[in-house]
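A structural walkthrough
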Amino acid sequence: MILKLWAKKEREAPQEMESNYHPLFFHLLDVATVTRELWNLVLKRDMKATLSHSLGIDDESTSYWVAFWAGLHDLGKASPAFQGKWELAKNNLTQAGLKFPQILTIPPHGVITAAALEDLLSNLKLPPPLAHRIAVSVGGHHGVFPRAAEIEALTKEVIGKGLWNNIRQDIFNALAKLFHISQVPIPQEEPKNPFFVMLSGLVSVADWIGSNQDFFPFAGQDIDILGYSKEVSSKAKKALNSLGWLGWSPPVTPKKFFELFPAIKSYCLRPLQEGIIKLAEKLITPGLVIVEAPMGEGKTEAAMYLADHWALTLGQRGCYFALPTQATSNQMFGRIQEFLQHRYSDDLVNLQLLHGHASLSGEFQVLRDKAKHLFIPDNVETETGEPQKGDVIAAEWFTYRKRGLLAPFGVGTIDQALLSILKTKHFFVRLFGLSHKTVVIDEVHAYDAYMTKLLERLLEWLAASNSSVVILSATLPRDKRQALAQAYVRGLGMDRKLSSPEEVSYPRIIWLSSSTQGAIHVDASSQFSRLLNIEWVRGDIQVNNPQSFTLGVRLQETLSGGGCAAIICNTVGRAQEVYQTLKFYFSDQDTESGEQELYLFHARYLFEERERREIQVLHRFGKHKGSRPHRAVLVATQVIEQSLDLDFDLMITEMAPIDLLLQRSGRLHRHRHPRPPGLENPILWIMLPELVNQVPNFGRGSESVYDRHVLLRSWLALQGHKSIAVPDEIETLIEEVYSDKKPPRTLSSELLKCWQESHQVLTRKKDEYESQALNFRVLPPHYRDDIMEDTARELEEDNPEVHQSLQALTRLSDPTISLVCLYGTAEIASFDPYGQDLIDLIAQPGRETTLNLLRRSVTISHRGLVPWLIEQGLKPSGWIRHPLLRHHRLVLLDKDHSARLGKYTFQIDSAEGVVISKHGKEDE
């Protein structure tokens, strides 16, 4: 009887059942077996030990229970509510004696699973609370845990009674027999919340794999249960092999720092790296390490060394590098790939790039192509049945949304990690992917109050999931450092306050785990221990009078003997304005000597142009001095502020928070280049804000990006400074700006009023940000009650059409929207302005066309234009269901590369990028 129930069928309803469907029991067995093989072949020893310890039984017994529970995930399909969806099956089952009452509203089958499974598990002598939570956990495999109210609302007609109860019991018993449940110890411990989150993630992943018809084709009733059970294990192993789950294991042989990073042999270890090597010996359990040091001290290699140490000693499942931007992720991706290629030369290592434009990365595409070639049917297995070895690849299965963090190694934005603790569908899959890994979080000082609150909750969950964390930062305020460390302590379940490491001066390493805690000072390298000279310069621009641009005049004089300077502006509009004005002083075209002198780089270019400029900037201003211009000025936004390995002789910046000013100065004299006359010492020019009654006006653009109070205190902290001793004075300046202190008594009445008013605004904003974070993030892992009841909000990911209160926001900012820019009309559109490279907007585009469309995309956050585009922007019918294009809008340009969008003119300038104007006037 149980083989008559269906789980999956062909989309077009067949005239006869035969083999056009997959029996429910076979699907349950598929998923249970995949789970068992994941346990045997993929999960590492630390994770298996954690799950087993939570249940109070041995690893082998736990593997059977977990597989059995996973197999029961679709038990709710053995109900009239589900079986009645297919008329042919309904008729056959009716003839067999099963009843189908009229059901007006069909609930999700996961809810029925939760309702039906609890009693069956309790009958196995599982403690009732454990039976309940297991039932809800596996019932949530489609991304949302069933709520108590949903379960209570189920009627007997929906669930099915009589013979329906009997058939569910038969399915339950048959699966229990195949997994020897009567022969293994019964769990008596009641695990904490992290166990059920990990279980839900594992079940969902196993269901995704077990639902793949390439490996588990529809069987119908052509084979009996015993016959099918003999084949299913080999199918599961082949699936894991073919999808790229196998091929890598944690290292078993330690390697010294020099062996992991051969390039470092050319110079001595940095003091920070020496400190990390000594510290690693103490880290015998998962822990948190916070590294605070200036740029160039080798923090990245130190983090990679720790990740390798934890993989070796604890058997952790790989590493995820979380960075602030897509550009910094792309840069890090190449470094991690090189490291993995060297460290695991005999393994097949799966490395993923995780951000919205990962598909456009050339380096990532190479790894994807390798995987496609490797995993074609003829190449999947060697003669021994083992996967091919000796390369770094990006397996295609893991490139789909929600799956990337499941790969053993990944590089991407911090947003991908933060999504794991927001109330989204399948948040627990992402947490499962991060569990028992090392998570490296870079540039932490760049995150605002909202992101910091999310990060605190992420640290709690990572600690509870036995993940190690390395936090890297050039500078951290004391309060933020303490809050992050305390969050990890809470996640460990340790009820204690951290001892304050204030007596340990910057640069420093702080660490904590369940077994150890401490902090040490490390010296800065001689190359980066320096005196940073500070000068204030005028940066105001007189409209239609570029000759009076004081900054341009002075910059021209300073670079008369050569040199490379960077100007960092706080908004794209300001960067475009400065660039245009500097054309009077420097050439933006190749000169007679063949050198371009003026460059512009920001985020508001079409992707293909932004990528070209990023490569150009790295080539011209990177560490390789052979391509360095004799004289050049780069005008940029914050895109060059973090992680990009750039080197300038002179840095000019708009006023910004003190930590970001210091971060920007890290691009000064980064490498050992000879410096032009007059620029032998690092100099930071800061543009003077306008003073009105002694109160600085930082400008509408800067104050839309940074908080006015922080700007004011940063400005005050720098008054009287002609230089900054790096790193000695960094911590003092940071605390001067970010500590909770009273205003100085020396302030004028006007400045005091500005301090107080801006502080009130900052406090309200911080409270609002933290409140929003509390609403969006999941409950903490050691919450006293069951957290599954509170996670069903289903916040939307990447959908600009829903209100921000319904979005899974990893950052609080003005709404953004992604645009694809083509030419022509909705009827006849093309990639070029001449109408030669046409595109069909009705048909769903294939992969190559999709990539070409994304290359012509740009993301904007213009406050006036974005709402209009959300409401009235063009949405081609062929994009609506496309996974990469569904939230994009289409902009159709004329031959002058412009379009009229509501009250605005949208234009693509070959040099400046996207320029948005209102009524003929440029709108910043």
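Residues numbered from 1 in each chain as written. Predicted model: local features only at pLDDT ≥ 70, side-chain atom pairs only at ≥ 80, totals over all residues. Heavy atoms only, no water.

**Quick look at the overall build of the chain**
Along the chain, the regular secondary structure elements total 31 helices and 29 strands. Oriented by its inertia axes, the alpha-carbon framework of the chain measures out at about 95 × 65 × 60 Å. Counting all 924 residues of the chain, 60% fall into the buried class. Carbon together with sulfur atoms contributes 49% to the accessible area of the chain, which is approximately 37700 Å² in total. (Helix = DSSP H or I, 4+ residues; strand = E, 2+ residues; numbered from the N terminus. Buried < 20%, exposed > 50% of the residue type's maximum accessible area, 1.4 Å probe, protein only. Areas by Shrake-Rupley, 256 points an atom, 1.4 Å probe, with all protein chains shown as cover.)

**Quick look at the environment of Leu 163**
For Leu 163, the position within the fold is in helix 10 (residues 163-178). Residue Leu 163 is classed as partly exposed on the basis of its relative accessible area, which comes to 40%. In the structure, Leu 163 is positioned 385 residues away from Ser 548 in sequence and 90 Å away in space, judged by C-alpha atoms. Those residues within four positions of Leu 163 in sequence are excluded, and the remaining contacts are Gly 97 and Leu 98. (Contact = heavy atoms within 4.5 Å.)

**Re the sheet that holds strand 3 (residues 287-292)**
Read across the sheet, 9 strands follow the order 6-5-7-4-8-9-3-10-11 without closing on themselves; strand pairing throughout is mixed. At either end of the open sheet lies a strand with only one pairing partner, and these are strand 6 (391-393) and strand 11 (517-521). Sheet twist, expressed as the average angle between the axes of neighbouring strands with direction ignored, equals 15 degrees. (Pairing = 2+ DSSP bridges. Axes fitted to C-alpha atoms, helices over the stretch in contact; angles between N-to-C directions.)

**Comments concerning the side chain of Arg 713**
Take Arg 713: it is sitting in helix 27 (residues 708-718). For the buried residue Arg 713, which engages in no salt bridge, the nearest side chain bearing the opposite charge is Asp 740, 6.0 Å off. Side-chain polar atoms of Arg 713 contact the backbone oxygen of Val 737, separated by 3.0 Å. For Arg 713, the side chain forms a polar contact with the main-chain oxygen of Ser 739, separated by 2.8 Å. Ignoring anything within four residues of it in the chain, the contact list for Arg 713 reads Glu 735, Glu 736, Val 737, Tyr 738, Ser 739, Lys 741 and Trp 755. (Lys, Arg positive; Asp, Glu negative; His and termini not counted. Salt bridge = Lys/Arg side-chain N within 4 Å of Asp/Glu carboxyl O. Polar contact = N/O pair within 3.5 Å; in protein donor to acceptor, adjacent residues only side chain to side chain.)

**Observations concerning the sheet that holds strand 14 (residues 598-601)**
With respect to topology, 7 strands assemble into an open sheet ordered 14-15-13-16-17-12-20, the strand pairing being mixed. Two strands lie at the open edges of the sheet, namely strand 14 and strand 20 (723-726), each paired on one side alone. Averaged over all adjacent pairs, the angle separating strand axes in this sheet is 20 degrees, with direction ignored. Across the sheet, helix 24 (residues 607-621) is in contact with strand 13 (563-568), strand 14 and strand 15 (631-636); its angle to strand 14 comes to roughly 130 degrees.

**Examining the pairing of strand 26 (residues 898-901)**
Pairing of strand 26 with strand 27 (residues 904-909) involves 4 bridges; the strand directions are antiparallel. For Arg 900, the partnering residue across the bridge sits in strand 27 and is Thr 905. Hairpin connection of strand 26 to strand 27: 2 residues between the antiparallel strands, including Gly 902 at a positive phi of 60 degrees.

**Some words on helix 7 (residues 128-139)**
Helix length check: helix 7, at 12 residues, gives a terminal C-alpha distance of 16 Å against a target of 16 Å (1.5 Å per residue), a fit within 8%. With respect to burial, helix 7 is a largely interior element, 9 of its 12 residues being buried. Looking at the packing, one finds that the buried side of helix 7 touches helix 3 (59-71), helix 6 (109-122), helix 8 (148-153) and helix 11 (193-210). (Expected span 1.5 Å × (residues − 1).)

**Some remarks on the packing of aromatic side chains**
Applying the stated rule across the entire model yields 26 aromatic pairs. Judged by centre distance (5.0 Å) and plane angle (35 degrees), the ring pair of Phe 145 and Phe 428 falls under tilted. With Phe 145 in the loop between helix 7 and helix 8 and Phe 428 in helix 19 (residues 427-434), the pair connects residues that are 283 residues apart, well separated along the chain. Each member of the pair, Phe 145 together with Phe 428, is buried. Taking the centre distance of 5.2 Å and the plane angle of 80 degrees together, the rings of Phe 584 and Tyr 585 count as edge-to-face. The exposure class assigned to Phe 584 is partly exposed, which follows from its relative accessible area of 46%. (Phe/Tyr/Trp six-rings, centres within 6.5 Å; stacked < 30°, edge-to-face > 60°.)

**Let's talk about the packing of helix 20 (residues 449-464) against helix 21 (residues 478-491)**
Following both chains from N to C, one finds helix 20 and helix 21 inclined at 30 degrees, their axes separated by 6 Å at the closest point. Relative to helix 21, helix 20 is oriented so that their crossing is right-handed. For the pair helix 20 and helix 21, contact is made by Thr 452, Leu 455, Glu 456, Leu 459, Glu 460, Ala 463 and Ala 464 and by Lys 480, Ala 483, Leu 484, Ala 487, Tyr 488, Arg 490 and Gly 491, respectively. Here the residues of the contact of helix 20 with helix 21 are counted per class, giving 8 nonpolar, 2 polar and 4 charged. (Left-handed = near helix turned anticlockwise from the far one by under 90°. Nonpolar A, V, L, I, M, F, W, Y, C, P; charged D, E, K, R; others polar.)

**Comments concerning the confidence of the model for the chain**
Averaged over every residue, the pLDDT of the chain is 90; residues scoring 70 or more account for 95%. Strand 8 (residues 438-441) holds the highest mean pLDDT among the elements of the chain, 98, whereas strand 29 (residues 921-922) holds the lowest, 52. With pLDDT under 50 throughout, residues 377-385 is counted as low confidence; its partners more than four residues away or in other chains account for 16 contacts. (pLDDT = per-residue confidence, 0-100.)

**Re the side chain of Asp 207**
Assignment of secondary structure puts Asp 207 in helix 11. Despite its burial, Asp 207 remains without a salt bridge, the nearest opposite charge being carried by Lys 8 at 5.2 Å. A polar contact of 3.2 Å, which involves the side chain of Asp 207, links it to the side chain of His 27.

**Description of the nonpolar core**
Counting 146 residues, the largest nonpolar core has Phe 68, Trp 69, Leu 121, Trp 245 and Ile 441 as the members making the most contacts within it. With residues up to four places along the chain from it excluded, the contact list for Trp 69 reads Leu 55, Leu 121, Leu 126, Ile 134, Val 138, Pro 187, Phe 195 and Leu 199. (Core = buried A, V, L, I, M, F, W, Y, C linked by side-chain atoms within 4.5 Å.)

**Some points on the environment of Asn 212**
Along the chain, the position of Asn 212 falls in the loop between helix 11 and helix 12 (225-243). Measuring from C-alpha to C-alpha, the distance between Asn 212 and Asp 30 comes to 9.9 Å, with 182 residues separating the pair along the chain. A distance of 2.9 Å separates the side chain of Asn 212 from the backbone nitrogen of Asp 214, its partner in a polar contact.

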